[in-house]
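Next come the chains, spelled out residue by residue.
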Amino acid sequence: LPPSVAAALRTRGIERLYSHQGEALKHARAGRNLVIATPTASGKSLCFNLPVLDQLAREPGARALYLFPTKALARDQEQALRAFLRDAHLEHGAITYDGDTPGDARRAARERSGVILTNPDMLHAGILPHHASWSRLFANLRYVVIDELHTYRGVFGSHLANVVRRLDRIARFHGSEPVFVLASATIGNPREHAMRIIGKPVELIADSGAPEGPRRVMVYNPPVLNPELGLRASYVKSAVRLSADLVRAGVPTIVFGQSRNNVEVMLRYLRERVAPQIDPSRVMAYRGGYLPEQRRDIERRLREGDVVAVVATNALELGIDIGELEAVVCAGYPGSAAATWQRFGRAGRRGKT
């Protein structure tokens, strides 16, 4: 690696790469499209950030485009990427380009930023139709990163596949041929899925070299209250009771609810149950519909360990780095095995049980 990039890794305490990270770098440098499908918290972001930083260090004019399914994930990755670029003494800059980006920042993104982080809707409606004014990005586009690939299925996935083909066509029109790096949760057919999305051959990296903490999974079925009608106790109240025990025991916990309404109800119950031992402001909710500033503030407090429990919708299911959580409570089944594993993957990210 270029010395400045290697130094930036060392400041993060990384002396050696995991085997799957090294493999990803090798494929990307050789110009091969690839998909990384290793478990949650196995260091996937480094698999796509390293080839990009490596390229930026060698070629000052290079550009990269990152696609994330949610704004929160893009903002989270932007923070991490900017710190990485700073430590590697690269002047390129990274910026999130979405509906929350103010006008002057949009202009700077078009003209100067080395890395643009956005979502499929913004790419489709805000960037591709105006590709002439984005010519600097498209002419020097070396990498396109598509994270959380497993979320793009069904009709949404078909739309994305068409947007990606348009992106590829526009890049070629401006004279570049970017390498696609895709990252997915563990799904049954990552290579086939990636090839359908980008319409090109793809290398698969599925063997993780990262250490994993042991996991314990418990399934709790609320007791039957009315045997004649087969009615059970409320799963929402049961989830709150179990979560309150964890929080009081000092275990950082995330509780997943099925709807925004459920989240607000569970938040109220949970705050009542843990008071007065625990300050209610240290139990937070996180869902779509909050203002950007509120969401950023909650994410920051989670990382800093100021929040002891968070009640969330699937907005926190994806790979946002929210620090050291040790327990996940799923109130209800999210509807797919991939989503369930994503939720479970929020705990034990640092090798503890």
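If you're wondering where the values come from, they're calculated on a predicted model, not measured in any experiment.

Now for the environment of Leu246. When you line up the elements, Leu246 lands in helix α10 (residues 235-248). On the basis of relative accessible area, Leu246 is assigned to the partly exposed category, the value being 25%. Separated by 199 residues in sequence, Leu246 and Cys47 place their C-alpha atoms 34 Å apart. Ignoring any residue separated from it by four or fewer positions in sequence, one finds Leu246 in contact with Val251, Thr253, Ala327 and Val329.

Right, let's get into the packing of aromatic side chains. This model, assessed by the stated rule, comprises five aromatic pairs. Considering the side-chain rings of Tyr97 and Trp134, the 4.9 Å spacing of their centres and the 90° angle between planes classify their relative orientation as edge-to-face. Here Tyr97, found in the loop between β3 (94-96) and α5 (103-111), pairs with Trp134, found in the loop between α6 (120-127) and α7 (135-139); they are 37 residues apart in sequence, far enough to count as distant. Summarising the burial analysis for this pair, Tyr97 and Trp134 share the class buried. Within the aromatic cluster, the residues linked to one another by ring pairs are Phe48, Tyr66 and Phe68. Between Arg12 and the ring centre of Phe84, over which it is positioned, the NZ or CZ distance is 4.5 Å. A cation over a ring is seen here: Arg106 above Tyr97, with NZ or CZ 5.4 Å from the ring centre.

In this section: the pairing of strand β2 (residues 63-67). The buried fraction of β2 is high, at five of five residues. The alternating pattern of β2 places Arg63, Leu65 and Leu67 and Ala64 and Tyr66 on opposite faces, both of which are buried. The sheet contact formed by β2 and strand β5 (residues 141-146) spans five bridges and is parallel. By the bridge assignment for β5, Ala64 is matched with Tyr143. Bridge count between β2 and strand β4 (residues 115-118): four bridges; the pairing is parallel. Looking across to β4, one finds that Leu67 is bridged to Thr118.

Quick look at the confidence of the model for the protein now. Low pLDDT marks regions whose predicted coordinates should not be analysed in detail. Summary statistics for the protein give a mean pLDDT of 91 and a share of 97% for residues scoring 70 or more. Looking over the protein, one finds the lowest element-wise mean pLDDT in helix α12 (residues 292-303), namely 81, and the highest in β5, namely 98.

Calculation criteria
- Residues numbered from 1 in each chain as written.
- Predicted model: local features only at pLDDT ≥ 70, side-chain atom pairs only at ≥ 80, totals over all residues.
- Heavy atoms only, no water.
- Helix = DSSP H or I, 4+ residues; strand = E, 2+ residues; numbered from the N terminus.
- Buried < 20%, exposed > 50% of the residue type's maximum accessible area, 1.4 Å probe, protein only.
- Contact = heavy atoms within 4.5 Å.
- Phe/Tyr/Trp six-rings, centres within 6.5 Å; stacked < 30°, edge-to-face > 60°.
- Lys NZ or Arg CZ within 6 Å of the ring centre and 35° of its normal.
- Pairing = 2+ DSSP bridges.
- pLDDT = per-residue confidence, 0-100.

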